[in-house]
Number of protein chains: 4
Amino acid sequence: MPSLKSFFSSSSSASSTPTAKPITEKKTVKEIPVSKKESSKMGCKCRSKKSEPVNEISVKEDSCCCSKQTAESSSTCCGSKNKESDSDDNNDSLVISSHPEHPANLICEFCKLFYNNGWVTGTGGGISVKKDDNIYLAPSGVQKERMLPTNIFVMSMNSKEYIRKPLNLKPSACTPLFMAAYTMRNAGACIHTHSQNAVMCTLLFDKVFEISSIEQIKALPKITEPGNMWYSDKLIIPIIENTEREEELETSLRKAIEEYPSATAVLVRRHGIYVWGETVWKAKIYNEAIDYLLELAVKMKQMGIPTVKEN
Amino acid sequence: MPSLKSFFSSSSSASSTPTAKPITEKKTVKEIPVSKKESSKMGCKCRSKKSEPVNEISVKEDSCCCSKQTAESSSTCCGSKNKESDSDDNNDSLVISSHPEHPANLICEFCKLFYNNGWVTGTGGGISVKKDDNIYLAPSGVQKERMLPTNIFVMSMNSKEYIRKPLNLKPSACTPLFMAAYTMRNAGACIHTHSQNAVMCTLLFDKVFEISSIEQIKALPKITEPGNMWYSDKLIIPIIENTEREEELETSLRKAIEEYPSATAVLVRRHGIYVWGETVWKAKIYNEAIDYLLELAVKMKQMGIPTVKEN
Amino acid sequence: MPSLKSFFSSSSSASSTPTAKPITEKKTVKEIPVSKKESSKMGCKCRSKKSEPVNEISVKEDSCCCSKQTAESSSTCCGSKNKESDSDDNNDSLVISSHPEHPANLICEFCKLFYNNGWVTGTGGGISVKKDDNIYLAPSGVQKERMLPTNIFVMSMNSKEYIRKPLNLKPSACTPLFMAAYTMRNAGACIHTHSQNAVMCTLLFDKVFEISSIEQIKALPKITEPGNMWYSDKLIIPIIENTEREEELETSLRKAIEEYPSATAVLVRRHGIYVWGETVWKAKIYNEAIDYLLELAVKMKQMGIPTVKEN
Amino acid sequence: MPSLKSFFSSSSSASSTPTAKPITEKKTVKEIPVSKKESSKMGCKCRSKKSEPVNEISVKEDSCCCSKQTAESSSTCCGSKNKESDSDDNNDSLVISSHPEHPANLICEFCKLFYNNGWVTGTGGGISVKKDDNIYLAPSGVQKERMLPTNIFVMSMNSKEYIRKPLNLKPSACTPLFMAAYTMRNAGACIHTHSQNAVMCTLLFDKVFEISSIEQIKALPKITEPGNMWYSDKLIIPIIENTEREEELETSLRKAIEEYPSATAVLVRRHGIYVWGETVWKAKIYNEAIDYLLELAVKMKQMGIPTVKEN
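As the structure is a computational prediction, the values presented were derived from the model and not from experiment.

1. A few points about helix H7 (residues 280–302) of chain C
Residues and elements named next belong to chain C.
In step 1: Here H7 contains 23 residues, and its C-alpha end-to-end distance of 33 Å stays within 8% of the 33 Å for a straight helix at 1.5 Å per residue.
In step 2: In terms of burial, H7 is largely enclosed, as 19 of its 23 residues are buried.
In step 3: Taken from the residues just after H7, glycine 304 is the one with a positive phi, measuring 75 degrees.

Below, the structure written as structure tokens:
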């Protein structure tokens, strides 16, 4: 009987090479170059484009079988094998810790929580945490509720290069978006979800999402001045238009962050939301508070109640 | 005091013999013949039809007490007893494994997950995984969240005969439908749910379910060409009409698979959905992504928002 | 510092004596007499009526702190103490078993599940299982998700007398309703929930709940003839009017069971649903399938879709 | 590499000082004075107002990283360090107990449950339990599902002074509201949630929430006379207007409690609900029953069904 190894890696290569779609927008991913040496070690090339050479980062998410691997199968994915997976220069020490609040552990814990909340599903969504000079990033295409610390990428904030890249996995297409929050807002963590409340609000609101005079607003920061918002303050979250490729969102996301200096989140039309905070805990709390308000706004719209209260 | 054995098997035989209903459609189940020898060993005959001899497979689901059996009660179901339940020729080794990703273990894990998601309830729904030449199938009538690896049927892809049949259990009526995905699409796994989002969409859409320009669409494959769909692509899932007997769906399901070569799922009106994928992980991800889109579509329809965006 | 014992029993006696409300309907509870000797041992008399002597069973539910008791506090409830709680004549052996499918264990497991499903909340709802000649009954007023096997009442089917009564707890007011299913339909288990889907359907339908041509209907039995319903069959569940006291429902429940011989459930207007089955597993499956259909029916009504399909 | 300590406390001080907003209502918090000595030991001053000196209690909630601390990080929060955290005079013995029903343990357990029910999210909501002469209070700004017994404040009912204040944490702004239930109604516990069902009902009802003739009403007490409500009784919960600061609600909350002597809860417009009960278990049951009724009322309003039945 063939081993499980071949079972779990079978048939994925056949359908996993995407065809090219013209990139109409100027590429803006260059500040996160993937070093050629590391790139060449990545096992999962099955989805790299045929018609033009592109940065790995611009490749769309796929759905690997890589998470929850056992020792036996850990060196294979999508049909290729790598012997270097346990080598020291992969910097496993950056993600292995018994501390429950180590970024690699927290990312896995939060992904499970977000999956259970319906915010990330079918590999959608992502999360990143900054610790000191390091950016920890959930990989692309892994089922969120099954993520392991060893699946986590680590990028140096200074060099903008990966100092840890799990073999066989690809960096998240969200990376340039997360970097915008880190560099422009000095965020400590950034969360991206496909929350249906977020998507619905982008269908029900035009340029910005607005709500006022709901107690839960007080959980959110003012940003432009110290402290949290007040009950009667109006929360405004900009909505940017979606693009064919996630990384193409970077330009408009950066523009929205500049134009809305008091926002701690940006909605993406028909897509989802990016939320960041000073620490991983604050990012989590802001995300929960905002999703609560988005959910409430949908219900208010359904009942014909305006989301902004006339005072 | 009578033993628990008699308690859990009592009174189910009285009401479990269905009456016949004329089969108006040509039977199409013959490619999965149940060997006469094996059939005669199956304990649960209480639901076989009186008026005409039919293949076990065409019998409707019932609700056995068979799952979560203890050693003591494992050889009884629906009032009958079998001594052969632990015999080697039942091929228990095909379903007993300590590997968490063994098909028999994954099927049980996923059924629990799907039950918690509300996708399978009251014995409805099912799942099947292909490993090498073997098809692993959840049985009929067992409560999904209580399934055990020993409840799993195994069929040979080559011979189309069962190489493992749990005593006292019946094969799922979904089997011929799952086989269509395996033979026509070379699927690695197939999932069937009674998701309310699926049923609602079959009530809100006519011949096909259509949605476009939602980010989550990118989690789904193009099928007819390599790679995943793009954000602005239109996802089309055919809707076939339901039939009195699940196995009677096979003809129209096969026709839909032929007519919609880029579909990785088929909706069944007032019934649910069949989703398949290249591997068990991809099938799971596709099912999650599609259910997300079905749920969103119901909400959009409620708010009067078209599901297909004019570009 | 005072002991925890006094903490958890404090202040409940003050507000727990209900005032009388005239019983306008003929009492029908006499077939389940509570033996005078046992009644006098019950600790929780705080809710017995002042103005007229009534059977304990006709007293409304209250909210004891009795579940999840520790050894220390197990003999106190609502301010009274009992030394007999561990005596052999309380028949603890009837409810203590290591077998996970023992009725007392299953009742506790299902109550937790139903609580998580939102079907029983705030002490509402109940469940009963028949094993041989014994009826196992969840007590009144205990928080469903915290129930312990030692909280379970046991009644003899033959003598209609309790052969086990947990001290300090009261029998459920559902008891005469459950008995109707046992005596009139030879049920193996009976479930009562306050499901919001059930309540909504009693507000949206008149004399009966009706739905047809939904696959999930096939999980339900025909009752009047062997086998399960077919896809195109019409499921009809009678709706009876609610009464001030739960036990006053008995007359109309029995009438509905007689008038709808093919029903395996009765809805109670603005209250909830009673579902029974041949075994505990079938009752659970029927309850899940019916709640699925009630939920779907509410959604169909919201979208203006008739629940009964014209063929 | 910097320690995790600095990681989790970084960058929160920058944005956590709120600006002043004029307090237009007479302050009513003076019955819970925070002793100057204790106040000066509190680490988390980052949110104290700049423009005017105010009682700690009137400061809005913030989002600390304090919960789930490890031994290593337990003495730091928001950038400050305290060595006294393990000192005996902090009265840890008041909150450390192996008894699962000790108030400190129950508060943590219930906060997790309420988080999972969506009633408290993003640090919103709170709970307090009275045991003998002591009031146990969940702190401000801690993520509810991660609360630890050592995060709990304890106040003496007699002296109205804190006899335990966790270093680095702030008392909940709900404290004066909870005290109103303790002093005016002799409550044993008080729960505050941001339940969306509660918020929606304050948007759909005017001065009071009203519902009648729903079975679940029987789970609620009459208060003004012994016993629980009857099925056909009308449940009335007053709705008070929200204020910029939570503690400013005290006056109107006290007025509502006086004017509605049979209410065991008060709704706060666009904010949430306060529910109390004779014991912690009753408060939990009342909260569940009321939320069930609020949820049902929203659904009834959506379908055009009046919540109060004409008899």
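Now that the structure is up, let's keep going.
2. Quick word on unusual backbone geometry
Residues and elements named next belong to chain C.
In step 1: The backbone phi angle of isoleucine 223 is positive, close to 70 degrees, even though this residue is not glycine.
In step 2: By the secondary structure assignment, isoleucine 223 is in the loop between strand E8 (208–212) and strand E9 (234–240).
In step 3: With phi around 60 degrees, arginine 270 is a residue other than glycine that occupies positive phi space.
In step 4: Summarising the element assignment, arginine 270 is placed in the loop between strand E10 (265–268) and strand E11 (272–277).

3. Comments concerning the pairing of strand E11 (residues 272–277) of chain A
The two faces of the sheet receive side chains in turn, since in a regular strand these alternate between them.
Residues and elements named next belong to chain A.
In step 1: Counting buried positions along E11 yields 6 of 6 residues, so the element is predominantly enclosed.
In step 2: Judged by which residues are buried, E11 turns out to be covered on both faces: Gly272, Tyr274 and Trp276 on one side and Ile273, Val275 and Gly277 on the other are all buried.
In step 3: Relative to E11, strand E7 (residues 189–193) runs antiparallel, the two sharing 5 bridges. Bridged to threonine 193 within E11 is isoleucine 273.
In step 4: As judged from the 4 bridges shared by strand E10 (residues 265–268) and E11, these two strands associate in the antiparallel manner. When the bridges of E11 are listed, alanine 265 appears paired with valine 275.
In step 5: As consecutive antiparallel partners, E10 and E11 are separated by 3 residues, and within that stretch arginine 270 has a phi angle of approximately 60 degrees, a positive value.

4. Some points on the sheet that holds E7(A)
Residue and element names in this part refer to chain A.
In step 1: The 9 strands are arranged E6-E5-E4-E3-E7-E11-E10-E9-E8 in an open sheet whose pairing can be described as mixed. Unpaired on one side and paired on the other, strand E6 (162–164) and strand E8 (208–212) mark the two borders of the sheet. Strand-to-strand twist across the sheet, computed as the mean angle between neighbouring axes with direction ignored, equals 20 degrees.
In step 2: As paired elements, strand E3 (residues 126–131) and E7 share 4 bridges and run antiparallel to each other. Bridge pairing in E7 links isoleucine 127 to isoleucine 191.
In step 3: Here helix H3 (residues 103–116) sits on the sheet in contact with E3, strand E4 (134–137) and E7, set at roughly 155 degrees to E3.

5. Focus: the sheet that holds strand E10 (residues 265–268) of chain B
Residue and element names in this part refer to chain B.
In step 1: Strand order in the open sheet made by the 9 strands is E6-E5-E4-E3-E7-E11-E10-E9-E8, with mixed pairing throughout. The strands lining the two open edges of the sheet, one partner per strand, are strand E6 (162–164) and strand E8 (208–212). Taken over all neighbouring pairs, the strand axes of this sheet differ in orientation by 20 degrees on average, direction set aside.
In step 2: Summarising the sheet, strand E4 (residues 134–137) and strand E5 (residues 153–156) pair through 4 bridges and their orientation is antiparallel. Bridging from a neighbouring strand, tyrosine 136 pairs with valine 154 of E5.

6. As for the nonpolar core
In step 1: Core analysis: the biggest nonpolar cluster contains 128 residues, and Phe209(A), Phe209(B), Phe209(C) and Phe209(D) have the highest contact counts within it.
In step 2: Apart from residues lying up to four places away in sequence, Phe209(C) is in contact with Cys201(C), Leu235(C), Ile236(C), Ile237(C), Ile239(C), Leu267(C), Leu293(C), Leu294(C) and Ala297(C).

7. Topic: the packing of helix H4 (residues 175–185) of chain B against helix H6 (residues 250–259) of chain B
In a packed pair of helices, the relevant descriptors are the angle between the two axes and the axis-to-axis distance.
Residues and elements named next belong to chain B.
In step 1: At a minimum axis distance of 9 Å, the contact between H4 and H6 shows a crossing angle of 30 degrees. One finds that H4 runs roughly parallel with respect to H6. The hand of the H4/H6 crossing is right-handed. On the side of H4, the interface is formed by Pro176, Leu177, Met179, Ala180, Thr183, Met184 and Arg185, while H6 contributes Glu250, Leu253, Arg254, Ile257 and Glu258.
In step 2: The class makeup of the residues in the contact of H4 with H6 is 7 nonpolar, 1 polar and 4 charged.

Calculation notes
- Residues numbered from 1 in each chain as written.
- Chains lettered and ligands numbered in written order.
- Predicted model: local features only at pLDDT ≥ 70, side-chain atom pairs only at ≥ 80, totals over all residues.
- Heavy atoms only, no water.
- Helix = DSSP H or I, 4+ residues; strand = E, 2+ residues; numbered from the N terminus.
- Expected span 1.5 Å × (residues − 1).
- Buried < 20%, exposed > 50% of the residue type's maximum accessible area, 1.4 Å probe, protein only.
- Pairing = 2+ DSSP bridges.
- Axes fitted to C-alpha atoms, helices over the stretch in contact; angles between N-to-C directions.
- Contact = heavy atoms within 4.5 Å.
- Core = buried A, V, L, I, M, F, W, Y, C linked by side-chain atoms within 4.5 Å.
- Parallel < 35°, antiparallel > 145°, perpendicular 65-115°, else oblique.
- Left-handed = near helix turned anticlockwise from the far one by under 90°.
- Nonpolar A, V, L, I, M, F, W, Y, C, P; charged D, E, K, R; others polar.

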